[in-house]
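Next come the chains, spelled out residue by residue.
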Amino acid sequence: MSGPDEAGCPPGEFEQIARLYRPLTRGAPEALGLLDDAAVIPSRPGYDLVVTKDALVEGVHVPWGEARDLVARKLLRTNLSDLAAKGAEPFGYFLAVAWPPETDFATRQAFAHGLQVDGEAFDVSLLGGDTVSTSGPLSASMTLLGWVPEGRAVLRSGARPGDLVMVSGPIGDGGLGLAAVEGRWADGDGYLARRYQLPTPRLDLREGLKRWASACADVSDGLIADAGHIATASGVALHIDLARLPVSAAAAAWLAGQSDQVLARGRLAGFGDDYELVITAPPAAASALGLTVVGQVEAGAGVRVTFDGAPAPVATAGWAHP
């Protein structure tokens, strides 16, 4: 078996598959050893198959020069966050990577190692995919599969007036983490950078969501934007009170240095990349979930943002691709 040459040039496509990606299948029979052009997935009686797809482009979703193992792990984790919002159990994924032609084998190995680390951590296996070259930046996309009991996926369309709006954890760390990674904000212990680079998909909440939630979305584009997605799908309005926004100690330190606290909290609620969940549920169910309540569902449309009852200005509603 030939390896990379002295310049670090990668071996051929099929040897790369064997050396880098076949171990990521973790022996899953559906992957067919990555020796075929497709995977074969049997049905699971009593379950619905949940399918999500997300992509990362260097310079857009991750900073230029980001460590390749971190890029791979963030790609998997952001997809897992979509499954978490549906209450689904992860099963397996398909991967497509477009490498700039100058990418050496060690860099590709680092990417595969990141997937290996988190594939084991989250018990999810590679089932197939493709690798190609690109004249542009590194681009990678993933299609992730999960199972949920039939008819019990938590959708964005179930919120009803009278429900409470909750979030699963601190809001705004993702945006501040990007500022930390780019050197625009001090991050002495690295907490904010870790929150941005390696978000934690809230798979731990999936059983409670299936039992109690009326609607859910992951906070990838920003709390206000993702609350808006629920509002649109459900045909209701969501009210968010910025005074009730949960923030980390690091975000509280940032807030302490801002002259306009209401506008600053609006910025936290507009930042993307938190990968917490925004959830609606009837009041009794909300108490069972035990999460921070930040507002309520109302008749109407869109998102109404206040601070202690007064209308609050919002600098940005969240991330949207042009």
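Notes on the structure follow. (Residues numbered from 1 in each chain as written. Predicted model: local features only at pLDDT ≥ 70, side-chain atom pairs only at ≥ 80, totals over all residues. Heavy atoms only, no water.)

Points about the packing of aromatic side chains
- For the coordinates displayed, the defined rule picks out 3 aromatic pairs.
- Residues Trp99 and Phe111 carry aromatic rings whose centres are separated by 5.4 Å and whose planes lie at 80 degrees to one another, so their mutual orientation is edge-to-face. Taken together, the positions of Trp99 in strand E2 (residues 89–99) and Phe111 in helix H3 (residues 105–121) put the pair 12 residues apart, joining distant regions of the chain.
- Judged by its relative accessible area of 0%, Trp99 falls in the buried class.
- You can call Phe111 buried: its relative accessible area is 0%.
- Over the ring of Tyr196 we find Lys74, and its NZ or CZ is 3.6 Å from the ring centre. (Phe/Tyr/Trp six-rings, centres within 6.5 Å; stacked < 30°, edge-to-face > 60°. Helix = DSSP H or I, 4+ residues; strand = E, 2+ residues; numbered from the N terminus. Buried < 20%, exposed > 50% of the residue type's maximum accessible area, 1.4 Å probe, protein only. Lys NZ or Arg CZ within 6 Å of the ring centre and 35° of its normal.)

Thoughts on the sheet that holds strand E8 (residues 277–281)
- Spatially, the 7 strands line up as an open sheet ordered E6-E8-E5-E9-E7-E10-E11, and their pairing is mixed. Strands with a single pairing partner mark the edges of an open sheet, and in this sheet they are strand E6 (215–218) and strand E11 (310–311).
- Of the strand pairs in this sheet, strand E10 (residues 302–307) and E11 are connected by 2 bridges, and their pairing is antiparallel. Directly across from Thr306, in E11, lies its bridge partner Pro311.
- Sitting on the sheet, helix H2 (residues 68–86) touches E6 and E8, and the angle it makes with E6 is about 175 degrees.
- Against the sheet, helix H7 (residues 223–234) engages strand E5 (164–167), E6, strand E7 (237–241), E8 and E10, with an angle of about 155 degrees to E7. (Pairing = 2+ DSSP bridges. Contact = heavy atoms within 4.5 Å. Axes fitted to C-alpha atoms, helices over the stretch in contact; angles between N-to-C directions.)

Side note on empty space enclosed by the protein
- Following the criterion strictly, the structure yields 1 cavity of 30 Å³ or more and no others.
- Of the volumes computed, that of the largest cavity is approximately 40 Å³.
- Around the largest cavity, the lining residues are Pro23, Leu24, Arg26, Tyr93, Leu115, Gln116, Gly119, Glu120 and Val124.
- If one sorts the elements of the lining of the largest cavity by residue count, H3 sits on top with 4 residues. (1 Å grid on protein atoms, 1.4 Å probe; cavity = no way out; pocket = protein on both sides within 12 Å on 5 of 7 lines; lining within 4 Å. Points joined across faces, edges and corners; volume = space filled by probe spheres on them.)

Observations concerning unusual backbone geometry
- Positive phi is not limited to glycine here, since Leu32 has a value of about 55 degrees.
- By the secondary structure assignment, Leu32 is in the loop between helix H1 (13–21) and strand E1 (47–57).
- Looking at Leu32, the relative accessible area reads 34%, which means it is partly exposed.
- We note that Asp123 has phi near 55 degrees; this positive angle belongs to a residue other than glycine.
- Its location among the elements puts Asp123 in the loop between H3 and strand E3 (125–133).

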